[in-house]
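Chain by chain, the residues:
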Amino acid sequence: MGLFGGAERYALELAKGMAHFTSTRLVAFGTSSRARQLDGVQVRVERERWRVAGRAHDPINIGFLRHCLWADVIHCHQFRSTSCALATVVGRLTSKGVYVTDHGGGGSNLIRRLRIGRWFDAQLSQSEFAAASMPYVGRRKEIIYAGVDADRYRPVAEKIRSRVLFLGRLLPHKGIEHLIRGLPEGAELKIVGRAIDTSYLRFLKEAAQGINVEFVNSAGDDEVIAQLSSAQCLVLPSVYEDYQGRRRELPELVGLVLLEAMACGTAVVCSDAGGMPEIVLEGKTGFVVIPGSADELRTAISRLIGDPELAGQMGRSAREDVVNRFTWKKVARHCLDLY
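Conventions used here
- Residues numbered from 1 in each chain as written.
- Predicted model: local features only at pLDDT ≥ 70, side-chain atom pairs only at ≥ 80, totals over all residues.
- Heavy atoms only, no water.
- Helix = DSSP H or I, 4+ residues; strand = E, 2+ residues; numbered from the N terminus.
- Polar contact = N/O pair within 3.5 Å; in protein donor to acceptor, adjacent residues only side chain to side chain.
- Contact = heavy atoms within 4.5 Å.
- Phe/Tyr/Trp six-rings, centres within 6.5 Å; stacked < 30°, edge-to-face > 60°.
- Lys NZ or Arg CZ within 6 Å of the ring centre and 35° of its normal.
- Pairing = 2+ DSSP bridges.
- Axes fitted to C-alpha atoms, helices over the stretch in contact; angles between N-to-C directions.
- Core = buried A, V, L, I, M, F, W, Y, C linked by side-chain atoms within 4.5 Å.
- Buried < 20%, exposed > 50% of the residue type's maximum accessible area, 1.4 Å probe, protein only.

## Considerations on the side chain of D102
For D102, the location among the structural elements is in the loop between strand 7 (97–101) and helix 4 (110–114). Within the structure, the side chain of D102 is placed 2.8 Å from the side chain of R80, a separation counted as a polar contact. Once residues within four sequence positions are removed from consideration, D102 is found in contact with Q78, F79, R80, Q126, M134 and L253.

What follows is the structure, encoded as structure tokens:
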């Protein structure tokens, strides 16, 4: 289904959670048309006919509209896309409920240009931060957050003393260089994720020279869970301004990897960027630091790797918080109730 990151995982996992309660169809675009069942979800991939204005993140094939006619409720993901605008119009014309969850990317903003943002019954946002970024969308705004499969993401390995983990796509707004520079003496850092930006990878490897840093550019699901479980802490140091001075207003709408680490019983450290502070309980399940501050990262990480008992207690609290608030079934049930 093309590029696969946090946004795509969010839509898929939410659909799988909904499939426990109602007939659910997930529609995406790809290089060829295909259909399959996946954990109770009807997955339908429509062949990409063209890209609006040549944007890879704005594919279209109007044949997808037949799925809108099939549904009782239309839930759009990726607000800034032509397909979202078309689905909104079809929903309005056929008197169906239409909802939207944005993931920060996309292409054309036809919704704003056509002034049809209020045609959405509601904006179902991943965080308060995400909702604030689109004040003109939805007749009402509800926060549903994100989830994790706590049965799959669970503690499966013993903690490795002084092991620090970054997990995610290697992109400049992730701020990984600040983590490298803030790594305390005696700590080891594993950076696990695909090198989406090769020039940024080269920059990181230069920054990591002489430091105990290992890059792992591919890992299967089981290995990821083992890495999340064995680390003493996971760090997500995303920033608003990257190493080349480029500004990103929506660096992390929620931070799925934080929830996955917490489900694995691992304490987390994140920057005060986007929606991340909304899901990390400061001093209980992790620490929140100033974006771009290597010194604050070093202090937070040092507290966790220097005190395994504290890190363990935070990890247990993190797991408990995820099970209580952030499973996909709970998120899906909440979402369905809002429909």
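## What to know about the packing of aromatic side chains
The final tally for this structure, using the stated rule, is nine aromatic pairs. These aromatic residues form a ring-pair network of at least three members: F79, F120 and Y136. Over the aromatic face of W70 sits the side chain of R25, whose NZ or CZ is 3.9 Å from the ring centroid. Sitting over the ring of F21, R333 keeps its end group 4.8 Å from the ring centre.

## Focus on the sheet that holds strand 3 (residues 41–47)
The mixed open sheet is built from three strands, whose spatial order is 1-3-2. Strands with a single pairing partner mark the edges of an open sheet, and in this sheet they are strand 1 (25–30) and strand 2 (34–38). Averaged over all pairs of adjacent strands, the angle between strand axes in this sheet comes to 20°, irrespective of strand direction. Bridge count for strand 1 against strand 3 is six bridges, and the pairing is parallel. Paired with A28 across the bridge in strand 3 is V45. The strands that helix 1 (residues 6–18) touches are strand 1, strand 2 and strand 3; relative to strand 1, the one it contacts most, it runs at about 155°.

## A closer look at the nonpolar core
Ranked by internal contacts, the top residues of the largest apolar core, which has 76 residues, are V164, I191, L228, L234 and L258. In terms of residues, this core owes the most to one element, helix 9 (residues 256–263), which gives seven residues. In this structure, L228 is in contact with Y153, K159, L165, L167, L234, E260, A261, C264 and T266, ignoring residues within four places of it in sequence.

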